[in-house]
Amino acid sequence: MFDRFADPHFLVLLLAVPILSAWYWRRRSKKGATLRYSHVGLLRSAVPARAGRFRHMLFGARMLALSFLVLAFARPQTGVTEEEVSTEGIDILLVLDISSSMLAEDLQPTRLEAAKRVAGEFVQGRAHDRIGLVVFAGQAFTQAPLTLDYDVILELIGELEVGMIEDGTAVGMGLATAVKRLRESNAESKVVVLLTDGRNNRGEIDPITAAQMAQSLGIRVYTVGAGTRGVAPYTIDDPVFGKRRVNIQVDIDEESLQEAADVTGGRYFRATDSESLARVYQEIDELEKTEIEVRNYTRYGELFHYPLMLGLFLIVAEMGLANTKLRKIP
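Values in this document were obtained by computation on a predicted structure and should not be read as measured data.

**Student:** An account of the overall build of the protein is requested, with residue identities and associated values reported.
**Tutor:** Within the protein one finds 10 helices and 11 strands. In the protein, which comprises 330 residues, the share counted as buried stands at 39%. Of the roughly 19500 Å² of accessible surface on the protein, 55% is carried by carbon and sulfur atoms.

Structure, rendered in structure tokens:
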């Protein structure tokens, strides 16, 4: 089918079809001429010609051809709607703590698994933004550079586990690694989302120094402290008594995380359970929305050749039948 006519004023000519049809039937209804034969015996014995049954076919073909030609003159077109999206884009680096304390079970099933789940949901909720992944424990390294391939990011987040890096909590190094990755970015907005459950005890760079580096490069930092207040259950593998649960003291350096966020114009959040952690990432998602401008336009393709070919075919067929099978005696 088609979406529009480029020259719809030609469709007025379709009114000629019913006018000509009315004229044709009125003319046929009038008494016709007579012929005189010297001997009508042969006519009485003759079988009525099969062509007589189709005597109106020629006129019908002519009217149908006229209709198709009018449609062709009106230029039917089909449209393909396309979307042009322009966006300033945001470069986001997720920085996750994978130290051994992230196995604490105050966030279900563990802090690390809860962090992986909400980070994955955060990635799935973004569009048109480049996202990277940095992990840290005793050291920090880039797990994934900035990319639009969200499937890769989600796969790498799913593979994170405690023990991938030497144990410890190098918060400053994790933030500094993310800042280094964003240094060459030309995005309008550059963001780091850092999650940890402890305080900085490893690495050459402390969190405040790393935050000052981020501030100088126009990078906004959101920090998240993950863990309940007081003590948290933790499963240990005792060589004598086997696996058993103990309570460990929750020690989040909220002052440093708060200051690191404030220096860069970001915010600090505290997540004491899985639900509040999910709300934290949802709030960050709302704070960092990409400005998108969408323009729709339609490209039209010509379809006039289809009714034109049908019309010409019917004209040729009508002329052929009128001079052969359906020929009339003058």
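**Student:** Explain the packing of helix α4 (residues 111–124) against helix α9 (residues 274–287) to me, using residue names and the numbers behind them.
**Tutor:** Between two packed helices, both the angle of their axes relative to each other and the distance between the axes serve to describe the pair. Between α4 and α9, the least distance of the axes is 10 Å, while the angle of their chain directions is 30°. Here α4 lies roughly parallel to α9, going by the angle between them. When the axes of α4 and α9 are compared, the crossing they make is right-handed. For the pair formed by α4 and α9, the contact residues are A114, A115, R117, V118, A119 and F122 on the first element and S274, L277, A278, Y281, I284 and D285 on the second.

**Student:** Any chance you could break down the environment of R117 for me, citing the residues and the numbers?
**Tutor:** Its place among the elements puts R117 in helix α4. When the C-alpha atoms of R117 and L277 are compared, they prove to be 10.0 Å apart, with 160 residues separating the residues in sequence. Beyond its immediate sequence surroundings of up to four residues, R117 is in contact with Q108 and S274.

**Student:** Account for the pairing of strand β6 (residues 189–196), with residues named and values stated.
**Tutor:** Counting buried residues along β6, eight of its eight residues qualify, which places the element largely inside the surrounding structure. One ladder, built from seven bridges, connects strand β3 (residues 90–97) with β6; its direction is parallel. When the sheet's bridge partners are listed, I90 is paired in β6 with S189. Relative to strand β7 (residues 219–226), β6 is paired through seven bridges, and the arrangement is parallel. By the bridge assignment, T196 is partnered in β7 with G225.

**Student:** Requested: an account of the nonpolar core, with residues and values cited.
**Tutor:** Residues I92, L94, L133, L195, L277, Y281 and I284 are the most contacted members of the largest nonpolar core, which totals 38 residues. Contributions of two or more residues to this core are made by β3, α4, β4 (130–136), α5 (150–158), β6, β7, β10 (268–271) and α9. Looking at this core, the element that brings in the most residues is α4, giving seven residues. Residue contacts for L277: discarding those within four places in its chain leaves L107, A114, A115, V118, L195, V224 and A271.

**Student:** Residue-level account of a negative patch on the surface, with values.
**Tutor:** Judged by side-chain charge, D149, D151, E155, E159 and E161 come together as a negatively charged surface patch. By secondary structure assignment, the location of E159 is in the loop between α5 and α6 (171–182).

**Student:** Can you lay out a nonpolar patch on the surface for me, pointing to particular residues and giving the numbers?
**Tutor:** A grouping of F10, L13 and F73 is seen on the molecular surface, where their side chains present a nonpolar patch of about 270 Å² in accessible area. The topology assignment puts L13 in the loop between β1 (4–5) and α1 (16–29). Judged by relative accessible area, L13 falls into the partly exposed class, the value being 44%.

**Student:** Describe the packing of helix α7 (residues 207–216) against helix α8 (residues 254–264), with residues and values.
**Tutor:** The geometry of α7 relative to α8 is characterised by a closest axis approach of 8 Å and an angle of 15° between their N-to-C directions. By the angle between their directions, the pair α7 and α8 is classed as roughly parallel. Classified by chirality, the crossing of α8 by α7 is right-handed. Contact residues: α7 offers P207, I208, A211, Q212, A214 and Q215, while α8 offers S256, E259, A260, V263 and T264. Among the residues forming the contact of α7 with α8, the class breakdown is six nonpolar, four polar and one charged.

**Student:** Tell me about α6, and name the residues and values.
**Tutor:** Note: α-helices contain 3.6 residues per turn, so residues at a spacing of three or four share the same orientation. Over its 12 residues, α6 runs 17 Å from end to end, which matches the ideal 16 Å to within 8%, given 1.5 Å per residue. With nine of 12 residues buried, α6 lies mostly within the body of the structure. Every buried residue of α6 is accounted for by V171, G172, G174, L175, A176, T177, A178, V179 and L182.

**Student:** For the packing of aromatic side chains, give the residues involved together with the corresponding values.
**Tutor:** Tallied over the full model, the rule gives five aromatic pairs. An angle of 35° between the planes, with centres 6.5 Å apart, marks the rings of Y222 and F269 as tilted. Of this pair, Y222 sits in strand β7 while F269 sits in strand β10, and the two are 47 residues apart along the sequence. When its relative accessible area of 7% is taken as the criterion, F269 is described as buried. Feature note: the residues Y24, W25 and F59 constitute an aromatic cluster, connected by ring pairs.

**Student:** Explain the pattern of salt bridges residue by residue, including any values.
**Tutor:** Per the counting criterion, the structure on display carries 17 salt bridges. In this structure, E105 engages R245 in a salt bridge whose closest nitrogen and oxygen atoms are separated by 2.8 Å. Placement of the pair is E105 in the loop between β3 and α4 and R245 in strand β9 (residues 242–249), with a sequence separation of 140 residues. Here D253 and R199 are joined by a salt bridge, their closest N and O atoms 3.6 Å apart. Here the residue D253 occupies a position in the loop between β9 and α8, and R199 occupies one in the loop between β6 and α7, the gap between them amounting to 54 residues. One network of salt bridges, with partners in common, ties together D7, R75 and E302.

Here is what the cut-offs are and how they apply
- Residues numbered from 1 in each chain as written.
- Predicted model: local features only at pLDDT ≥ 70, side-chain atom pairs only at ≥ 80, totals over all residues.
- Heavy atoms only, no water.
- Helix = DSSP H or I, 4+ residues; strand = E, 2+ residues; numbered from the N terminus.
- Buried < 20%, exposed > 50% of the residue type's maximum accessible area, 1.4 Å probe, protein only.
- Areas by Shrake-Rupley, 256 points an atom, 1.4 Å probe, with all protein chains shown as cover.
- Axes fitted to C-alpha atoms, helices over the stretch in contact; angles between N-to-C directions.
- Parallel < 35°, antiparallel > 145°, perpendicular 65-115°, else oblique.
- Left-handed = near helix turned anticlockwise from the far one by under 90°.
- Contact = heavy atoms within 4.5 Å.
- Pairing = 2+ DSSP bridges.
- Core = buried A, V, L, I, M, F, W, Y, C linked by side-chain atoms within 4.5 Å.
- Patch = residues over 30% accessible without salt bridge, like charges linked within 9 Å, V, L, I, M, F, W, Y side chains within 5 Å.
- Salt bridge = Lys/Arg side-chain N within 4 Å of Asp/Glu carboxyl O.
- Lys, Arg positive; Asp, Glu negative; His and termini not counted.
- Charge placed at Lys NZ, Arg CZ, Asp CG, Glu CD.
- Nonpolar A, V, L, I, M, F, W, Y, C, P; charged D, E, K, R; others polar.
- Expected span 1.5 Å × (residues − 1).
- Phe/Tyr/Trp six-rings, centres within 6.5 Å; stacked < 30°, edge-to-face > 60°.

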